[in-house]
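# Structure assessment
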Amino acid sequence: MTQKKTNAQAPEKLTGIELTEVPKVSVGPKAIKSALTHINTEVGMIKGIGLLSKINQKNGFDCPGCAWPDPDEKRAFLAEYCENGAKAIAEEATKNRVSPMFFATHSIDELAALTDYELGKKGRVTHPMFLKEGGTHYEAIEWNQAFELIGKSLQSLNSPDEAIFYTSGRTSNEAAYLYQLFVRQYGTNNLPDCSNMCHESSGAALSETLGIGKGSVTLDDFNHADLVIVIGQNPGTNHPRMLAALEGTKKNGGKIISINPLKEVGLVNFKDPQKPWTWLGKGTELTDLFLQVTINGDVALLKAILFLLNEKETKNRGTVFDRDFIENNTQGYEVFIKDLETQNLEQLILQSGISKEQIIEATEMIASNKNIIICWAMGLTQHKNGVDNIREVVNLLLLKGSIGKKGAGTCPVRGHSNVQGDRTMGIWEKPQPEFLKKLENEFHFSAPKHHGFDVVEAIEAMHKKKAKFFLGMGGNFISATPDTEFTAEALRNCELTVQISTKINRSHLIHGKEALILPCLGRSEKDFQASGEQFVTVENSMGVVSQSTGHLSPLSDQLKSETAIVSGIAKATLLNSNTDWEEFASDYDLIRDKIEKTIPGFDNFNERVRKPDGFYLPNNARENNYSKTKTGKANFSINQVSDITTDENQFLMMTIRTHDQYNTTIYGLDDRYRGILNERRVVLMNALDMEAMNIKQKDLVTLTSHFNGEERQAHKFLAIAYDIPRKCTATYFPETNVLVPIQSKARISNTPASKTVVISIKKEA
Ligand SMILES: Nc1nc2c(c(=O)[nH]1)N[C@H]1C(S)=C(S)[C@@H](COP(=O)(O)OP(=O)(O)OC[C@H]3O[C@@H](n4cnc5c(=O)[nH]c(N)nc54)[C@H](O)[C@@H]3O)O[C@H]1N2
Ligand SMILES: Nc1nc2c(c(=O)[nH]1)N[C@H]1C(S)=C(S)[C@@H](COP(=O)(O)OP(=O)(O)OC[C@H]3O[C@@H](n4cnc5c(=O)[nH]c(N)nc54)[C@H](O)[C@@H]3O)O[C@H]1N2
Ligand SMILES: [Mo]
């Protein structure tokens, strides 16, 4: 039977744009008002305030928002969340339910006609649901039947490598560990995860240069930094609690440089929501120097700065670079400098889009300061030369000896609240041989050694029908991945698609021949298993492992924990496994005991994680030890500037987040910090570019992306004049994922290049 094709993209519906002035200050009372409005509408005020008081407290649960760490010392009541954390909680603890009755009365096609915002607001899935072949509606199914269906489907494949097991980064350490164990006992390393689309470029660059794929700084380092550079990141929206850390830098006399094509409000000026006495004043000015780099101009900019630093150093040896550090800890300095000296400074300056005066100013700031932290996120990773971007950041830190000491180091700011922990637990398509060996010894099975598929490879494999089974442990695969139409075809090729989810999303609507939705507990909910109430553990952006205990009663007695779901699937699939899956799901301490035995840094895990602050995982870069790299030293590297060219009528497009979304979960339609309200289908353009093309404010345009002679289109976007460099544009993800070509990705890390999409813009009639 050929499957009817449900729309993979959200409908092209305009919602009524309203433009306001771009605010001058972030956070402050407006943020509190916005947080409370979301809590009130979704959860109810009394229950909501009770919940907020538990977020990120030592006896509470880990905020399902971002992975920014909590302070080690005291945490004020009601203080360790932010506006967007409150929204994340409101979404999860929503009163709205997607029940079997809801599915009986709404066909898949009807649901696909809703925007992501409308769909998400339908709420939490309450029961396991099944879509039979050719079905138009999901129907309720018993858990055991669902597990059996999955087991049978997996047993029927020609090879375990025909199955794909995706993970989004909210999954707890315990669930992730059990999941990867199940997948490897089943026989594949096909464990793509959201990291592949996120910080994979950071992991690749940092492992190669410093011997650890994670950042090196702690929260306290921000209080001791002379200079913090925030590059390719929008913390005011995506990591608001980071602003308090930056405020700490400023208070102690440190300086901040921001590098971004957009002057993001959060980076400019900040009013701490936890300090109402500051609300009347001007707020803290955070950024001392703002460099409005052109999209993907970062390697050129960094190289120009390094070039000038080297000139200064050459004139006055030892005054700019940390000679001792370079001598004792690094490899490749001479070759790196030789290459740097051949660069054409004027060309680099031109390519960066920054004036020479400003580059000199930045150089002076870097030259005269010793302790430097560099923070970055998707603005650096999601480019063809994403890995180059980050290696260039490392070059700068190495020259300054700004690593492995207080107040200095690398700070890749992670996305999902446990994305870093999932990788530590072995969610990786390229597992280390030592880890597999430990698993084999502990669990007595033979683990697959060949590497599995990452996200892009998984999509291609499903597209070619080399893979026929897809399971998503959280996340929203169809909306988060590039090339929406291509990915939809890939998923439709599957025999069975399974989504383990809290909320309804578009990935439930774009499915294989048969499909399952398995509803799970969220972070905020209590988790009862056979041995009693359980807690889970997570790892934040700075490598601190701590516990997270749910607070609310589960919204339906049909929900299972992710751990229990993995256990059920494993038991139904691996009939000869000698692992007692049920026992693990009955008592998470038993899983933690196994983690301790197989993953370094987890000694006395059960005991240490019960301490209120949790514990730090080992971090060689933090300890100034680079013996884990191939050369045994911290490595300088030679990196490529962008080689992407555009025709006269083409633009670079970056796909970014609004202030009112969590990835594909759309909290609301306002991008308050950019002054764009009630509309997501916008393309931000430089006013001069608009004038040159005779495009007026709010004109309707079609966007066409160009890659290797292929074209992809997205219709019905409103052109909006914005302070953005010429030839650069910005749109919101996921609406424009349809324009991101599957083959356009970062070298080495394979991360989709969703921040450099070459587009042309045409007025609609
Ligand atoms: N509220 C909220 N919090 C979140 C998320 C969310 O969606 N909502 N998502 C979470 C996740 S998974 C992640 S990964 C993080 C994402 O956090 P961010 O990386 O901050 O998110 P983006 O919106 O992708 O913003 C990228 C920033 O990089 C800039 N940028 C784009 N291209 C370039 C470039 O070429 N050079 C430079 N220098 N800058 C560039 C953009 O202007 C923008 O400011 O946030 C996490 N936290
Ligand atoms: N164009 C473009 N594309 C991008 C990006 C970009 O900047 N531009 N960013 C990329 C990045 S950085 C990332 S991380 C990915 C994100 O990709 P994903 O992680 O796949 O997407 P999310 O939108 O975070 O997933 C949301 C869904 O997760 C489910 N969920 C929420 N909480 C839980 C939970 O506790 N357990 C389970 N099992 N399910 C849960 C809900 O059902 C919800 O609908 O998207 C990437 N895609
Ligand atoms: Mo992310």
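Residues numbered from 1 in each chain as written. Chains lettered and ligands numbered in written order. Predicted model: local features only at pLDDT ≥ 70, side-chain atom pairs only at ≥ 80, totals over all residues. Heavy atoms only, no water.

## Topic: the site of ligand 2
Inspection of the region around ligand 2 gives 30 residues, with Tyr166, Ala480, Glu562, Thr664 and Asn737 positioned closest. At a separation of 2.6 Å, a nitrogen atom of ligand 2 approaches a polar backbone atom of Ala480. A distance of 2.8 Å separates an oxygen atom of ligand 2 from a polar side-chain atom of Asn505. Isolated, ligand 2 exposes 920 Å² of accessible area, and the fraction of that covered by the protein chains is 96%. Among the residues forming the shell around ligand 2, the class breakdown is 10 nonpolar, 15 polar and five charged. (Near = heavy atom within 4 Å. Polar contact = N/O pair within 3.5 Å; in protein donor to acceptor, adjacent residues only side chain to side chain. Areas by Shrake-Rupley, 256 points an atom, 1.4 Å probe, with all protein chains shown as cover. Nonpolar A, V, L, I, M, F, W, Y, C, P; charged D, E, K, R; others polar.)

## A short note on the sheet that holds strand 14 (residues 372–376)
What the five strands build is an open sheet, ordered 12-9-8-14-15; its pairing is parallel. Of all strands in the sheet, those bounded by a partner on one side alone are strand 12 (289–291) and strand 15 (409–412). For this sheet, the mean inter-axis angle between neighbouring strands, taken without regard to orientation, is 15°. By the bridge criterion, five bridges tie strand 8 (residues 227–231) to strand 9 (residues 255–259) in an arrangement that is parallel. Residue pairing in the sheet places Ile229 in a bridge with Ile257 of strand 9. Sheet strands touched by helix 20 (residues 386–399): strand 14 and strand 15. Its angle to strand 14, the strand with the most contacts, is close to 170°. (Pairing = 2+ DSSP bridges. Helix = DSSP H or I, 4+ residues; strand = E, 2+ residues; numbered from the N terminus. Axes fitted to C-alpha atoms, helices over the stretch in contact; angles between N-to-C directions. Contact = heavy atoms within 4.5 Å.)

## Re the packing of helix 23 (residues 455–463) against helix 25 (residues 484–492)
Interhelical geometry of helix 23 versus helix 25 gives an angle of 60° and a closest axis separation of 7 Å. Taken as axis vectors, helix 23 and helix 25 run oblique relative to one another. Considering how the two elements wind past one another, helix 23 and helix 25 form a crossing that is left-handed. Taken together, the residues of helix 25 that come into contact with helix 23 (itself represented by Ile459, Glu460, Met462 and His463) are Phe486, Thr487, Glu489, Ala490 and Leu491. The residue makeup of the contact of helix 23 with helix 25, split by class, is five nonpolar, two polar and two charged. (Parallel < 35°, antiparallel > 145°, perpendicular 65-115°, else oblique. Left-handed = near helix turned anticlockwise from the far one by under 90°.)

## Structural notes on the domain arrangement of the protein
Each assigned domain of the protein is listed with its residue range as follows: domain 1 (46–198 + 418–612), domain 2 (200–412) and domain 3 (650–763). Taking only C-alpha atoms, the centre of domain 2 and the centre of domain 3 are 26 Å apart. Taken together, the 27 residues of domain 2 in the interface contact 26 residues of domain 3. Contact between domain 2 and domain 3 buries roughly 2100 Å² in total, counting both sides, with carbon and sulfur atoms accounting for 58%. A salt bridge links Arg747 to Asp388, with the shortest nitrogen-to-oxygen separation between them at 3.2 Å. Counting every contact that joins domain 2 to domain 3 gives nine residue pairs in polar contact (both at pLDDT 80 or more). Put simply, the parts of the chain that give the side of domain 2 that touches domain 3 at least two residues each are helix 9 (200–210), helix 11 (235–238), helix 19 (378–381) and helix 20. Among the residues forming the side of domain 2 that touches domain 3, the class breakdown is eight nonpolar, 14 polar and five charged. (Domains from an automatic or database assignment. Buried area = accessible area lost by both parts, 1.4 Å probe. Salt bridge = Lys/Arg side-chain N within 4 Å of Asp/Glu carboxyl O.)

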